[in-house]
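One-letter residues, chain by chain:
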Protein chains: 2
Amino acid sequence: MGQLSNLDIANECDNFPYYTDDEDLYKAALKDYYQFRVEGCESCLGYITSSVATKMPLTKDWNLDQNKKHLTFQPRTHHGEPVKDFEGRNKILAEYLQDVREKKVFRVLNGWRNELYPIYGPNKTLLLNMERSATPLFGVVTYGVHMTGYVKTPEGMKIWAPRRALTKQTYPGMMDNTVAGGLSTGEMPFECLVRECEEEASLPADVVQSAQACGTLTYFHVRDARAGGETGLCQPECQYIYDLELPADVIPKPGDDEAIDFQLLTVDEVREAIANGKFKPNCAHLLLEFFVRHGILTAENEPHYIDIVSKFHRKLEFPMP
Amino acid sequence: MGQLSNLDIANECDNFPYYTDDEDLYKAALKDYYQFRVEGCESCLGYITSSVATKMPLTKDWNLDQNKKHLTFQPRTHHGEPVKDFEGRNKILAEYLQDVREKKVFRVLNGWRNELYPIYGPNKTLLLNMERSATPLFGVVTYGVHMTGYVKTPEGMKIWAPRRALTKQTYPGMMDNTVAGGLSTGEMPFECLVRECEEEASLPADVVQSAQACGTLTYFHVRDARAGGETGLCQPECQYIYDLELPADVIPKPGDDEAIDFQLLTVDEVREAIANGKFKPNCAHLLLEFFVRHGILTAENEPHYIDIVSKFHRKLEFPMP
């Protein structure tokens, strides 16, 4: 593989077209998708590829409108009456997805996680919970935390980077951010960070208290084969970003089976690994954002500075909290 | 005036509609504008209010297409032949704007600056230079640097904030970022920062060398009366952001007539001044971005965190370098 530029990296992660770049291209891309909707909510909640939408088993709880290209979740009681309460909707969706999983309709459901992710409607209302592995089928926004753990050494800044386990369904063997994880329903970002730091990197809570919130990374990724399962699935994401300066004597260690090991790399080593495509795409994207925020990438040394920075903070077209 | 929330502040600075928020509202807003175009370039370079476009004196060098709503700069020789070279275009535009200024057609030209701002076409080509005070008439993207100078004190972080001179045409008497200035044609951001730090705050170049680039702030502002001159003008901007931690004994002082004085304020004092509408809108926007990046505003203490962060980094629909 040839060397990837920083702009290539940013474009690889945030690879859904922009309306403001090319209206025609954007509209053409949208034609390939069904909108995921929930009865009673006016907003589009995600984009579903046509091949997924038309393979999705239809029950009394679903309506596929091929003209509007809407796939609408319309939960019903056994008597055919609309189910309007939050818990009732969630129960019907959970049983449905479990059934689809057992029928082996979609490969991504083989990576079943038993974790519920939140889906928001307008005005920050929590509309639905959905099993994590199903979220890319519906193209809904998911939320997570990504932390860069770094050490100031006499030779300059170094960054802790784990290698993902070869057994992982998604991006096996690729390099990752120091700690990263998904936000389950009901969890706050910092709380999630503390949990993930303990689980993934054996970092104790008192060390993680010094982590600094630095904003969000938002992007719209279309999945390729490295993600495992069906390709072309939409994955708009919002990551809460943290930096943590670690003392030299705090060594992250895999706490679960997510990582093989942790390496402490110089900035140049990280940049080379990024350019060689060794990092998981959204983790490379986060590291570029870290480099921009820390004055390592600047307008003077990166010709595509403005383009790259704009791709760290895409305004997503779906309701968010 | 009531207290402004952080979301109010972000919405006040970045106040042009978003396509992804409301397609109809966005398209309705666009109908009020003419597109600024340069002959031979396929891109729209800025939005001109209808009242400005129809008052702009027409010469052989301009074409107003009322159907397409395009105002196109089409420089011509005295023999009516197209002028295709960069310097030739600039000379014709400069003479034209000087003439419009003398005829007192637009109030914003009373603030004539004798500074040239760059206008970019596709592929980062420099297409045209334009007198700074004319840029809001054409709604083109302008570029600048904004720096937050702060001091770590035993009582916590404090921020240096100047008050703008009462004689300034734009935002007189309002509070500002420690140092801020516009990027002239041919100037690189860090070079501009060093110059502005000396001119506006008497900060010597050796101190400014420690300033850290932290990314860009991009937003699309529609001007109100506080900006002076015509209202409703479009001002899409890209600011290169810097942080500078200053030693306690380095005291910024007005170096020109831009500022009355500098105040060293606690974070709470800055937040209160922002909420009371005392900061120039884009400077308040930058300070919110600083607070997010430094973990002062977090997902846990700011309910509109995601919305606010997304408004720091708007992807503008015009060509940029």
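Residues numbered from 1 in each chain as written. Chains lettered and ligands numbered in written order. Predicted model: local features only at pLDDT ≥ 70, side-chain atom pairs only at ≥ 80, totals over all residues. Heavy atoms only, no water.

Under an unreviewed UniProt entry, the name given to chain A is Nudix hydrolase domain-containing protein, and the source organism is Exophiala sideris.

1. Observations regarding the environment of E12 of chain A
All names here are of chain A. Counting through the fold element by element, E12 comes out in helix 1 (residues 6–13). Residue E12 is classed as partly exposed on the basis of its relative accessible area of 24%. If we ignore the near neighbours within four places in the chain, the residues touching E12 are H221, R226 and P281. (Helix = DSSP H or I, 4+ residues; strand = E, 2+ residues; numbered from the N terminus. Buried < 20%, exposed > 50% of the residue type's maximum accessible area, 1.4 Å probe, protein only. Contact = heavy atoms within 4.5 Å.)

2. Points about helix 4 (residues 86–102) of chain A
With 17 residues, helix 4 of chain A extends 24 Å from end C-alpha to end C-alpha; this agrees with the ideal 24 Å at 1.5 Å per step. Just past helix 4 of chain A, the residue K104 of chain A takes up positive phi, approximately 55°. (Expected span 1.5 Å × (residues − 1).)

3. Some details on the domain arrangement of chain A
Residues and elements named next belong to chain A. In terms of domains, chain A is made up of domain 1 (6–13 + 141–310) and domain 2 (32–138). Between the C-alpha centres of domain 1 and domain 2 there is a distance of 29 Å. Tallying the contact residues gives 17 residues for domain 1 and 22 residues for domain 2. Looking at the side of domain 1 facing domain 2, the largest losses of area belong to T185, E230 and C234, adding up to 34% of the total buried there. The interface formed by domain 1 and domain 2 holds zero salt bridges in total. Counting across the interface, domain 1 meets domain 2 through four residue pairs in polar contact (both at pLDDT 80 or more). Within the residue set of the side of domain 1 that touches domain 2, elements represented by two or more residues are strand 7 (142–153) and strand 10 (212–222). (Domains from an automatic or database assignment. Buried area = accessible area lost by both parts, 1.4 Å probe. Salt bridge = Lys/Arg side-chain N within 4 Å of Asp/Glu carboxyl O. Polar contact = N/O pair within 3.5 Å; in protein donor to acceptor, adjacent residues only side chain to side chain.)

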